Every structure is written in C-alpha cells, then in structure tokens.
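Letter by letter, the chains look like this.
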Amino acid sequence: YPYYHYGNHSLEIEKILPDVFDEYYDAPQMMDPEIQKLRAKQINEQVMIDYPFSVVDGRTFTHHDFQYKEAQPIPVLMGADYSQYFSVGDIINVQYFAIPTSIEVIGFIHPDVYFPFNHIFQYENKSVIMPMLHFPEIVNDKDDDLLKRRSYLQYVHGIFSLENNQ
C-alpha cells in the first residue's frame, strides 16, 4: 500500500527574515529575538510520485535527493514567498532536530501549492519542503547518527492509502 509521509519539524536559523516567516508569527510571545523557526515540511518520495507539483525556478526532488549524503547540504524546495530573499543554489546554515547542518535551495514551488494530508488547509508559500531522508545502515558521525534516529522516529507518522474494499 502507498505510504505518504508529511511531517512537520521546524528549522532554526539566525534571524534574517521578516517575522512573518517565523513559525510562531501568530504567537509573538513564542518568538525568539535572535533565532527564527522556519516552518519546514518533510515529505517522502511517494508524495512526489502521487502528488507531483512544479517549481517556478530550479528543479523538484529526484530519487537521489531522498538519500542522505554525509557532509552534503540537504536539498530543499522553498515556498514561493522566499524567492525574494534566497536564490537557487544558496546554502543556508540551520539547526535541524537541534543538530547543526546546512540546506541547499534547489527550487521554489509555485504559489499556493498545498498537500492534501493536513487536517488544516495550508498553502506552503512560507514553508521549506525537505525530502524525508534514507540513511545508510551505518553512519560514522555522532551527529549523523542522531539525525538518522530522529528522522526515522518522525517517519512513522504517515498515511497509508487503501483501495476500496480493503
């Protein structure tokens, strides 16, 4: 059965964007004056296959983007509203699962893209879309191992698609 992973876990960056990009914009008391929490969504490859979307600039994810590559930035798609602040090819230092890493902008999704998995209808214009990474069985770095464990714990939250009468 098809399995769709659509996870939510924010990315923390040094405050460089307007407050409206902060995940806690609607709850200002939760915002940090120095750190921004960007709304990030993690999707698996099955989402891209069954619910494809296109980009305004750059490219979408390929099969290889879902494979973890040691010491390489994680490829991401940025919501349309980020296009005035970043460019394709930009590498941004972030904290992901409280682990320092970097992301690389590979494209900007069309305005008003949304995924049908959330109980709250939400356009992804201010979201960072990340691939749900698959890791090698053995990773050599302590942070990579922690990232692997935390990613896989999140991966269990998803949706199975069943046909009628199953």
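Whatever comes next refers back to the structure up there.
Remember, it's a predicted structure, so these values are computed and weren't measured experimentally.

> So what exactly am I meant to see when it comes to the nonpolar core here?
For soluble globular proteins, nonpolar side chains are generally found buried alongside one another. Counting 23 residues, the largest nonpolar core has Leu11, Met78, Tyr82 and Val128 as the members making the most contacts within it. The greatest single-element share of this core, amounting to four residues, is contributed by strand 8 (residues 99-109). Excluding anything up to four places from it in sequence, Met78 contacts Phe86, Ile92, Val105, Gly107, Phe108, Ile109, Ser127 and Val128. Counting residues in hydrophobic clusters, the runner-up holds 15 residues, among them Tyr6, Phe66, Ile106 and Ile129.

> Would you mind going over the packing of aromatic side chains with me for this structure?
Each aromatic ring pair is specified by the distance between its two centres and by the angle formed by the two planes. If you walk through the whole model with that rule in mind, you get four aromatic pairs. Taking the centre distance of 5.4 Å and the plane angle of 85° together, the rings of Phe21 and Tyr85 count as edge-to-face. With a gap of 64 residues between them, Phe21 in the loop between strand 2 (11-14) and strand 3 (35-38) and Tyr85 in the loop between strand 6 (74-78) and strand 7 (91-96) connect regions that are remote in the sequence. The class for Tyr85 is partly exposed, based on a relative accessible area of 35%. Both rings, one in Tyr82 and one in Phe86, keep their centres 6.1 Å apart while their planes meet at 35°; by these two values the pair is tilted. The pair formed by Tyr82 and Phe86 is uniform in burial state, with each residue classed as buried. A connected cluster of aromatic rings, assembled from ring pairs, spans Phe21, Tyr82, Tyr85 and Phe86.

Cut-offs and rules
- Residues numbered from 1 in each chain as written.
- Predicted model: local features only at pLDDT ≥ 70, side-chain atom pairs only at ≥ 80, totals over all residues.
- Heavy atoms only, no water.
- Core = buried A, V, L, I, M, F, W, Y, C linked by side-chain atoms within 4.5 Å.
- Buried < 20%, exposed > 50% of the residue type's maximum accessible area, 1.4 Å probe, protein only.
- Helix = DSSP H or I, 4+ residues; strand = E, 2+ residues; numbered from the N terminus.
- Contact = heavy atoms within 4.5 Å.
- Phe/Tyr/Trp six-rings, centres within 6.5 Å; stacked < 30°, edge-to-face > 60°.

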